[in-house]
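Listed below are the residues making up each chain.
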Amino acid sequence: MATTPRSFSQVPRLGTPSAATAGVRRRRAVTGKLSLSDLRDAVDAGLIDTVFFALPNLQGQLKGKRFGARHFLDKVALDGADMCAYLLATDVEMSPRHGFDLTSWDSGFEDTGVVPDLSTLRYLPWMPRTVLVLGDAVDAADAPVEVAPRQVLRSQLTRLAAHGLHTQVGLETEFLLYQGTYTPTAGLGPGGLVPAAEVNLDYALDHAPGLDRYFRRLQAALAKAAMPVEAVKTESAPGQVEVTFPHSGALSACDQHLVFKQAARMLAGRAGMTATFMAAPETGIGSGLHLHLSLTRSGTPMLPTPDGQLSTLGKSAVAGLLEALPGLAPLYAPNVNSYKRYLGEAFAPTRMAWGFDNRTCAIRIVGHGDSLRLEVRLGGADGNPYLLAAAAVAGIVHGVSHDLVPPRQCVSNAFEASDAPLVPLTLEQARSAFRHSPITREAFGEEVVEHYAQLAQIEIDHQRHTVTDAEQARWFTRA
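Just so you know, these numbers come straight off a predicted model, no measurement behind them.

Calculation criteria
- Residues numbered from 1 in each chain as written.
- Predicted model: local features only at pLDDT ≥ 70, side-chain atom pairs only at ≥ 80, totals over all residues.
- Heavy atoms only, no water.
- Helix = DSSP H or I, 4+ residues; strand = E, 2+ residues; numbered from the N terminus.
- Buried < 20%, exposed > 50% of the residue type's maximum accessible area, 1.4 Å probe, protein only.
- Contact = heavy atoms within 4.5 Å.
- Areas by Shrake-Rupley, 256 points an atom, 1.4 Å probe, with all protein chains shown as cover.
- Arc of directions from axis to C-beta.
- Phe/Tyr/Trp six-rings, centres within 6.5 Å; stacked < 30°, edge-to-face > 60°.
- Lys NZ or Arg CZ within 6 Å of the ring centre and 35° of its normal.
- Salt bridge = Lys/Arg side-chain N within 4 Å of Asp/Glu carboxyl O.
- Pairing = 2+ DSSP bridges.
- Axes fitted to C-alpha atoms, helices over the stretch in contact; angles between N-to-C directions.
- Parallel < 35°, antiparallel > 145°, perpendicular 65-115°, else oblique.
- Left-handed = near helix turned anticlockwise from the far one by under 90°.
- Polar contact = N/O pair within 3.5 Å; in protein donor to acceptor, adjacent residues only side chain to side chain.
- pLDDT = per-residue confidence, 0-100.
- Patch = residues over 30% accessible without salt bridge, like charges linked within 9 Å, V, L, I, M, F, W, Y side chains within 5 Å.
- Lys, Arg positive; Asp, Glu negative; His and termini not counted.
- Charge placed at Lys NZ, Arg CZ, Asp CG, Glu CD.
- Disulfide = S-S within 2.5 Å.
- Nonpolar A, V, L, I, M, F, W, Y, C, P; charged D, E, K, R; others polar.

Overview of the overall build of the protein
Line of reasoning, step 1. The number of helices and strands found in the protein is 13 helices and 17 strands.
Line of reasoning, step 2. Dimensions of the protein along its principal axes, counting C-alpha atoms only, are 65 × 55 × 55 Å.
Line of reasoning, step 3. A burial count over the protein gives 55% of its 479 residues as buried.
Line of reasoning, step 4. For the protein, long-range pairs separated by at least 24 residues make up 70% of all intrachain contacts whose partners lie at least 6 apart in sequence.
Line of reasoning, step 5. For the protein, the accessible area works out to roughly 20,900 Å², and carbon and sulfur atoms hold 52% of it.

Some words on helix α4 (residues 69-79)
Line of reasoning, step 1. Along α4, the residues classified as buried are A69, F72, L73, V76 and A77. Along the axis of α4, the buried residues cluster in a sector spanning 130°; they form a single face.
Line of reasoning, step 2. The elements touched by buried residues of α4 are α3 (36-44), β1 (50-56), β2 (62-68), β3 (81-84), β4 (111-116) and β6 (130-138).
Line of reasoning, step 3. After α4 finishes, the residue G80 shows a positive phi value of roughly 75°.

Things to note about the packing of aromatic side chains
Line of reasoning, step 1. What the rule picks out here adds up to 11 aromatic pairs.
Line of reasoning, step 2. Summarising the aromatic geometry, the rings of F53 and F67 are spaced 6.3 Å apart at their centres and angled 45° between planes, so their arrangement reads as tilted. Note that F53 is positioned in strand β1 and F67 in strand β2, a separation of 14 residues in sequence. Accessibility classification places F53 together with F67 in one group, the buried group.
Line of reasoning, step 3. Three or more aromatic residues link up through ring pairs in this structure, and these residues are F175, F245, F260 and F277.
Line of reasoning, step 4. Just above the ring of Y203 sits the side chain of K233; from NZ or CZ to the centre is 4.1 Å.
Line of reasoning, step 5. Against the face of F277 rests K261, its NZ or CZ located 5.0 Å from the ring centre.

Some remarks on the pattern of salt bridges
Line of reasoning, step 1. This model, assessed by the stated rule, comprises 17 salt bridges.
Line of reasoning, step 2. R70 is the partner of D44 in a salt bridge, and the nearest nitrogen-oxygen pair spans 2.8 Å. Placement of the pair is D44 in helix α3 and R70 in helix α4, with a sequence separation of 26 residues.
Line of reasoning, step 3. In this structure, E235 and K233 form a salt bridge, with 3.1 Å as the shortest nitrogen-oxygen distance. For the pair formed by E235 and K233, the shared burial category is buried.
Line of reasoning, step 4. Overlapping salt bridges bring together D117, D136, R150, R154 and D255 as one network.

Here's the deal with the environment of G379
Line of reasoning, step 1. As for its position among the elements, G379 is in the loop between β17 (373-376) and α10 (385-401).
Line of reasoning, step 2. When the C-alpha atoms of G379 and V147 are compared, they prove to be 20 Å apart, with 232 residues separating the residues in sequence.

Quick notes on the pairing of β17
Line of reasoning, step 1. Relative to β17, strand β13 (residues 289-297) runs antiparallel, the two sharing three bridges. In the strand pairing of β17, L293 is matched with L374.
Line of reasoning, step 2. Sheet topology places strand β16 (residues 363-366) next to β17; four bridges connect them, and they run antiparallel. The residue bridging I365 from the neighbouring strand is L374, located in β17.

A closer look at the packing of helix α5 (residues 149-161) against α10
Line of reasoning, step 1. The geometry of α5 relative to α10 is characterised by a closest axis approach of 9 Å and an angle of 20° between their N-to-C directions. It follows from the interaxial angle that α5 and α10 lie roughly parallel. In terms of crossing hand, the pair formed by α5 and α10 is left-handed. Contacts between α5 and α10 involve P149, R150, V152, L153, Q156, L157, R159 and L160 from the former and Y386, L387, A389, A390, V393, A394, I396 and V397 from the latter.

What to know about unusual backbone geometry
Line of reasoning, step 1. Even without being glycine, F109 reaches a positive phi, approximately 45°.
Line of reasoning, step 2. By the secondary structure assignment, F109 is in the loop between β3 and β4.
Line of reasoning, step 3. One non-glycine residue, E345, lies in positive phi territory at about 55°.
Line of reasoning, step 4. If you trace the backbone, E345 turns up in the loop between α9 (329-332) and β15 (354-356).
Line of reasoning, step 5. Accessibility expressed as a relative area gives 56% for E345, which makes it exposed.

Some words on the side chain of D117
Line of reasoning, step 1. Within the element layout of this structure, D117 appears in the loop between β4 and β5 (122-123).
Line of reasoning, step 2. A polar contact of 2.7 Å, which involves the side chain of D117, links it to the side chain of S119.

A few points about the confidence of the model for the protein
Line of reasoning, step 1. A residue-level look at the protein finds 94% of positions with pLDDT of 70 or above and a mean pLDDT of 93.
Line of reasoning, step 2. Within the model, the stretch residues 1-27 combines pLDDT values under 50 with 71 contacts to residues more than four positions away or in other chains.

Brief notes about the environment of E345
Line of reasoning, step 1. In the structure, E345 is positioned 14 residues away from R359 in sequence and 9.7 Å away in space, judged by C-alpha atoms.
Line of reasoning, step 2. A polar side-chain atom of E345 sits 2.9 Å from a polar atom in the side chain of N413.

Some points on a negative patch on the surface
Line of reasoning, step 1. A contiguous patch of negative charge on the surface is contributed by D101, D139, E146, E446 and E447.
Line of reasoning, step 2. Here E446 shows up in helix α12 (residues 438-465).
Line of reasoning, step 3. What makes E446 exposed here is its relative accessible area of 56%.

Notes on the state of the cysteines
Line of reasoning, step 1. Evaluated as defined, the whole model comprises zero disulfides.
Line of reasoning, step 2. The closest cysteine sulfur to the non-disulfide-bonded C361 is located on C410, 4.4 Å from its own sulfur.
Line of reasoning, step 3. Residue C361 is classed as buried on the basis of its relative accessible area of 0%.

Notes on the packing of helix α8 (residues 312-324) against α10
Line of reasoning, step 1. Running from N to C, α8 and α10 cross one another at 120°; their axes reach a closest spacing of 6 Å. Comparing the axis directions of α8 and α10 gives the class oblique. In terms of crossing hand, the pair formed by α8 and α10 is right-handed. Residue-level contacts link L313, S316, A317, G320, L321, E323 and A324 of α8 to A392, G395, I396, H398, G399 and V400 of α10.
Line of reasoning, step 2. Classifying every residue of the contact of α8 with α10 gives seven nonpolar, five polar and one charged.

Next comes the structure, spelled out in structure tokens:
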């Protein structure tokens, strides 16, 4: 298998290329992004002995193999590696499933080739002598596997580029920290996990020593991995944290988000805590993954007008998002639990409305001057960032392609905007809209639509057939 197959090299690489770090041997230290030459020097110096080679899966997790660094340099960096194709056709529990065309029991769950994207090579400060590189799945003809999340996003960015447009993305994610180690038998509450903070600490700067140490270690580790944060703040729910990253290329931003989640979880575990990115880990608590997007053409910002208003193209982008996103929900709200985040007046939108600096809307226009941008507030923290970004870019392309005009902006409480369409209420409703939306089929094609519709069906079936603790608590002695 070639390092960069001809068919795969024709797909635009829209992530930020890696820049060589200072001489590893001279500094006797490894930080940040690495070139292949940097890695070779670090291995020769005994500073790196392990390479994590990861294929981002459908759920937005890093899955792959640990390679000895020498073997990676001698073999994998040049030829790629094989991994079971079910990495792109399984549920969150890694259970082999029927119903995917990509691979199945009938085909023997064959391998897929994985080609390293060496621009993603970076040091992992929270793992001893370890670097990470992400890979792209290729089929037997060395063409990209279209259902792979990185490729799904890359395809939408290519569609956007056909209009002469490019996007920068900033991700803002929330998660919750609990004291202790989670086990299904212990659960949450008395005798189990309790929030790392007992009260609402929104915008607080007087954190307890344990939280402060965690934030400092997380910030320092991310900075050494060339992923400096923009801001860290505690949120309104006890134990809830928000981390914001500077904007970058869409693919690069999503790559970094997966690395960030690994760091957040691992460092929490070492501090005696558990980090969860569930959209609704408890009743009445929701964690979001907000996507900030700007648009440029030949380097010129296209969303603002000279007087700071939203441009005609920007309004078409908003209109496209409002029209397309109701049919794309399985890409930004992929689980049954995702829909329990959409609660009235809880900072998660329930109506497909838009407005300027209005946090009750699904699409919030925020920023000033050249920094004017679109904030898509629909995504939950459980979402796969590649798919969330792909859904948003598809909506923008739809609006720009058809010169759409948005409805009147919302200048009040969007939760009460009865003239705006509702966000899908359940995954089952969302899946049906996803499969039958002409916009979705035009943007993503039948192969991708049916693949992710099957993933949604697996989650629906799991919930339908599982008796929950909540059902037992409500009905066990009352039925």
